[in-house]
Amino acid sequence: MTVSKIVALRKAGNSRVLTVPTDLDANIGTKYEVQVLDNGNVVFTPVTHKNIFDDPEWKNYDYQKDLEENPELQPLNPVGKERFE
């Protein structure tokens, strides 16, 4: 289904704003990627968040190996009067 409406570009502070029709099925705060095509068309595409843990590379990642080999992830050795609770 294609929806066609005419909206006006307006200035709000230091930004330019396009009015979004209220019947658009999107929540306040939805983020969009904006592309300006060579022919002057402006395309707004909703940004979808990718769950990096769905990637097979991350599913098979060896976290324990990182804990053992990365010095920044090693337990701390207190030097002075540090207190751990």
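Because the structure is predicted, anything quoted here is derived from the model rather than measured. (Residues numbered from 1 in each chain as written. Predicted model: local features only at pLDDT ≥ 70, side-chain atom pairs only at ≥ 80, totals over all residues. Heavy atoms only, no water.)

A. Geometry of the packing of aromatic side chains. A complete count under the given rule lists two aromatic pairs for this structure. A centroid spacing of 5.0 Å and a plane angle of 70° characterise the contact between tyrosine 61 and tyrosine 63, whose relative ring orientation is edge-to-face. Judged by relative accessible area, which is 39%, tyrosine 63 ranks as partly exposed. (Phe/Tyr/Trp six-rings, centres within 6.5 Å; stacked < 30°, edge-to-face > 60°. Buried < 20%, exposed > 50% of the residue type's maximum accessible area, 1.4 Å probe, protein only.)

B. Local environment of the layout of surface pockets. The computed volume of the largest pocket comes to approximately 570 Å³. If you go around the largest pocket, you meet 14 residues; those closest to its centre are Thr19, Val20, Pro21, Leu24 and Phe44. A per-element tally of the lining of the largest pocket places strand β4 (residues 42-46) first, with four residues. Residue composition of the lining of the largest pocket, grouped by class: 11 nonpolar, one polar and two charged. Taken as a whole, the second largest pocket holds about 170 Å³ of empty space. Around the second largest pocket sit Val20, Pro21, Thr22, Leu24, Ala26, Asn27, Ile28, Gly29, Thr30 and Tyr32, which together line it. In terms of residue class, the lining of the second largest pocket is built from six nonpolar, four polar and no charged. (1 Å grid on protein atoms, 1.4 Å probe; cavity = no way out; pocket = protein on both sides within 12 Å on 5 of 7 lines; lining within 4 Å. Points joined across faces, edges and corners; volume = space filled by probe spheres on them. Helix = DSSP H or I, 4+ residues; strand = E, 2+ residues; numbered from the N terminus. Nonpolar A, V, L, I, M, F, W, Y, C, P; charged D, E, K, R; others polar.)

C. Representation of a nonpolar patch on the surface within the structure. Taken together, the side chains of Val7, Leu9, Leu18, Val20, Leu24, Tyr32, Val34, Val36, Val42 and Phe44 make up a nonpolar region of the molecular surface, amounting to roughly 880 Å² of accessible area. Of all the secondary structure elements, the ones that give two or more residues to the nonpolar patch are β3 (32-36) and β4. With respect to the helices, strands and loops of the structure, leucine 9 is situated in strand β1 (residues 9-12). In this structure leucine 9 comes out as exposed when scored by relative accessible area, which is 55%. (Patch = residues over 30% accessible without salt bridge, like charges linked within 9 Å, V, L, I, M, F, W, Y side chains within 5 Å. Areas by Shrake-Rupley, 256 points an atom, 1.4 Å probe, with all protein chains shown as cover. Salt bridge = Lys/Arg side-chain N within 4 Å of Asp/Glu carboxyl O.)

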